[in-house]
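Understanding the architecture of this molecule
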Amino acid sequence: MKGSIFLFLICLVGFQLKAEDKTIGILYLNTMFGHVHIQAEQFASSLTTMACGHPVKVLNPPSTHHDSKWLYVRVGEVKGYVAQEFLSEKRPDCFQDNYPKYFNALNLDLNELYYWGRLYDHFVNGESKVK
Amino acid sequence: MKNLWIFLIIFSAWSQNKTQQEKEIESINFNELKTILKDDFLAPTVEEKKGAVQEIKKERKTKRIEKYSYPEEKDFWSFISEFWLVKNAALLSWDFKKPDYGLRNAVESLFETLGLYQVKFRILPLNTPTLTHFSLPADNNEYIFLMSVPFMRALDLSKSEIALLVLEDYFRQKLGYFNANLKVEGMNKIWGANFYDKKIDLSHVDELLKAYSSIAFEKGYNFQQQYEVTKKMDQLLKSNPVLWNKYFQLLSKIEKLVKSNMVYESYNKIYPSPEMQIKWLSPKEKIL
């Protein structure tokens, strides 16, 4: 009896893990550069940096994740969080794609790529609207 | 010698032997084929296909050439402003953990109260007193504002006072003073130009980055520009006495700070000067 309960629990956990990892959509980074964060928080450490237009697999979030402003994603082998406002359904119009040779000629180093991605985490964005 | 003779005989025999393909080509009467093709009406199809291939080749070349374009002006300012922020990340110290100061709502609310609608903005808090408050150009009716947290703390600014400083910076940008002070010539020749088969010229990037730093840290704005900005603020805020008084008090606060705190003594070089702004705003005394 104990053995079958144990087996059932293992199956349940396995199923849940599988459900959490399931891809529910593909979105694209819409800023010049961006980071996949270790936690759903703007100042959390970066797991990897990606460039504008990079496809991001959106996964079912872990049960512990509740912030709708952040999406749980997979980029390559890395799984982490990206703010929803930085992701688009369609591939965005990227500066790097429009002017590739010009952008490459700038020879940005890794430090600069990191900071460029970080910049968007620190901006406070707003727009005045007609009331 | 005997071997040489054998080799020569074999070689001459081999060279006389033609391959199957060569024989086939010789046996084909191309003129006759041409006539057949013509009769089959395949010649126009061949021409059509040739044309399509040429078109594809042309398109490919155009796309290849397009990759060597300098940015258009409409895409340029956000890029170069962000690049300057990235290059000066350590100096400006913007990569730091901070609470939500409620700046977004404060600025949106002020702009909406004053009827300034659909102004998109991005505010970057700085953890340095080196640059107190500043605005940078961006694309698509967007503005980038920089705001020093130590400066806000030193003045003990309220959210609405910060929003008023942002409004001042908004006018500086709106009136085109930053771009006017850049003084980097030849940008009109760069925007949208192409450098295919030429050496790329990135001197304008270096010049612009230097000019950005020069305005932000050394030269700032001149008296005339400050006067125009102050008058613009005066005109807009006059309809709202509470805000006008707040702005006046804010300038008084800044004046006291720059006179008493060495850290901010260069403020007058960038924004000449709070003292003059107060004079410009004050009602003229009547001489009897």
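Numbers given to residues run from 1 along each chain, matching the order in which its sequence is written. Note on labels: chains are lettered from A, ligands numbered from 1, in written order. Where local features are concerned, this predicted model is filtered to residues with pLDDT of at least 70; where side-chain atom pairs are given and counted, the filter is 80 or more; whole-chain, interface and lining totals use all residues. Side-chain measures were taken over the full set of non-hydrogen atoms in the model, leaving aside hydrogen atoms and water.

1. A word on the sheet that holds strand 8 (residues 124-127) of chain A
To keep it simple, the criterion reads: Strands are labelled as partners when DSSP assigns at least two bridges between them. Where helices and strands are cited, they refer to DSSP runs of H or I of at least four residues and of E of at least two residues respectively, numbered from the N terminus. Where helices are involved, their axes are fitted lines through C-alpha atoms of the stretch in contact, as for all axes, and angles between N-to-C directions lie from 0 to 180°.
Spatially, 4 strands are ordered 8(A)-1(B)-3(B)-2(B) in an open sheet, and the strand pairing comes out mixed. Because the sheet does not close on itself, it has two edges, and the strands there are strand 8 of chain A together with strand 2 (133-137) of chain B. Sheet twist, expressed as the mean angle between neighbouring strand axes with direction ignored, is 25 degrees. Note that strand 2 of chain B and strand 3 (residues 142-148) of chain B share 5 bridges and pair antiparallel.

2. Thoughts on the domain arrangement of chain B
Put simply, an interface is often sized by how much accessible area is lost when its parts join up. Put simply, the rule is: Residue ranges for the domains trace back to a domain assignment, done automatically or taken from a database.
Each assigned domain of chain B is listed with its residue range as follows: domain 1 (20-66) and domain 2 (73-281). With centres defined by C-alpha atoms, the gap from domain 1 of chain B to domain 2 of chain B works out at 63 Å.

3. A short note on the interface of chain A and chain B
Using the following cut-off: Note on contacts: a residue pair qualifies if any of its non-hydrogen atoms lie within 4.5 Å across the two residues. We define buried area as the total accessible area lost by two parts upon association, computed with a 1.4 Å probe and summed across both. A carboxyl oxygen of Asp or Glu within 4 Å of a side-chain nitrogen of Lys or Arg is what we treat as a salt bridge. The term polar contact refers here to a pair of N or O atoms within 3.5 Å; inside protein, the definition further demands a hydrogen-donor-capable atom paired with an acceptor-capable atom, and it admits residues adjacent in sequence only when both atoms are side-chain atoms. Gly is placed with the polar residues, together with every amino acid not listed as nonpolar (Ala, Val, Leu, Ile, Met, Phe, Trp, Tyr, Cys and Pro) or charged (Asp, Glu, Lys and Arg).
Between chain A and chain B, the contact holds 30 residues from the first and 42 residues from the second. Taken together, both faces of the contact between chain A and chain B bury some 3400 Å²; the carbon and sulfur share is 66%. At the junction of chain A with chain B, the criterion picks out 2 salt bridges. A salt bridge links Lys87 of chain B to Glu112 of chain A, with the nearest nitrogen and oxygen atoms 2.7 Å apart. Linking chain A with chain B are 18 residue pairs in polar contact (both at pLDDT 80 or more), by the criterion used here. Of all the secondary-structure elements, those providing two or more residues to the side of chain A that touches chain B are helix 2 (95-98), helix 3 (100-105), helix 4 (110-122) and strand 8 of chain A. No other element matches the 8 residues that helix 4 of chain A contributes to the side of chain A that touches chain B. In the side of chain A that touches chain B, the residues fall into 18 nonpolar, 5 polar and 7 charged.

4. Observations regarding unusual backbone geometry
Convention followed: Burial status follows relative accessibility: with a 1.4 Å probe on protein chains alone, a residue under 20% of its type maximum counts as buried, one over 50% as exposed, and anything between as partly exposed.
With a phi close to 50 degrees, Asn107 of chain A is a non-glycine residue in the positive phi region. Within the secondary structure, Asn107 of chain A sits in the loop between helix 3 and helix 4. A relative accessible area of 61% means that Asn107 of chain A is categorised as exposed. Backbone geometry places Gln118 of chain B, a non-glycine residue, at a positive phi of 50 degrees. Looking at the element boundaries, Gln118 of chain B is found in the loop between helix 7 (103-113) and strand 1 (120-126). Judged by relative accessible area, which is 52%, Gln118 of chain B ranks as exposed.

5. Focus: the packing of aromatic side chains
Our working rule: By convention, a stacked pair of Phe, Tyr or Trp rings (six-membered ring in the case of Trp) has centres within 6.5 Å and planes under 30 degrees apart, an edge-to-face pair has planes over 60 apart, and any other such pair is tilted.
All told, the structure shown has 40 aromatic pairs over all chains when counted by the stated rule. When the ring of Phe95 of chain A is compared with that of Phe79 of chain B, the centres are 4.4 Å apart and the planes differ by 15 degrees; the resulting orientation is stacked. A residue pair is termed interchain when its members come from two chains, as with Phe95 of chain A in helix 2 and Phe79 of chain B in helix 5 (residues 73-87). Judged by relative accessible area, which is 9%, Phe95 of chain A ranks as buried.

6. Focus: the packing of helix 14 (residues 241-260) of chain B against helix 16 (residues 274-281) of chain B
To characterise two packed helices, one gives the angle between the axes of the helices and the distance between these axes. All names here are of chain B. Applicable threshold: Should an angle fall under 35 degrees it is taken as roughly parallel, and over 145 as roughly antiparallel, whereas 65 to 115 is taken as roughly perpendicular and any remaining angle as oblique. The sense of a crossing depends on the near helix, which, turned anticlockwise from the far helix by less than a right angle, makes the crossing left-handed and, turned clockwise, makes it right-handed.
Direction vectors running N to C along helix 14 and helix 16 enclose 150 degrees, while the axes themselves pass 8 Å from each other. Accordingly, the angle class assigned to the pair helix 14 and helix 16 is roughly antiparallel. Pair helix 14 / helix 16 crosses with left-handed handedness. Where helix 14 abuts helix 16, its residues Trp244, Tyr247, Phe248, Leu251, Ser252, Ile254, Glu255, Val258 and Lys259 lie against Pro274, Glu275, Gln277, Ile278 and Leu281. Classifying every residue of the contact of helix 14 with helix 16 gives 9 nonpolar, 2 polar and 3 charged.

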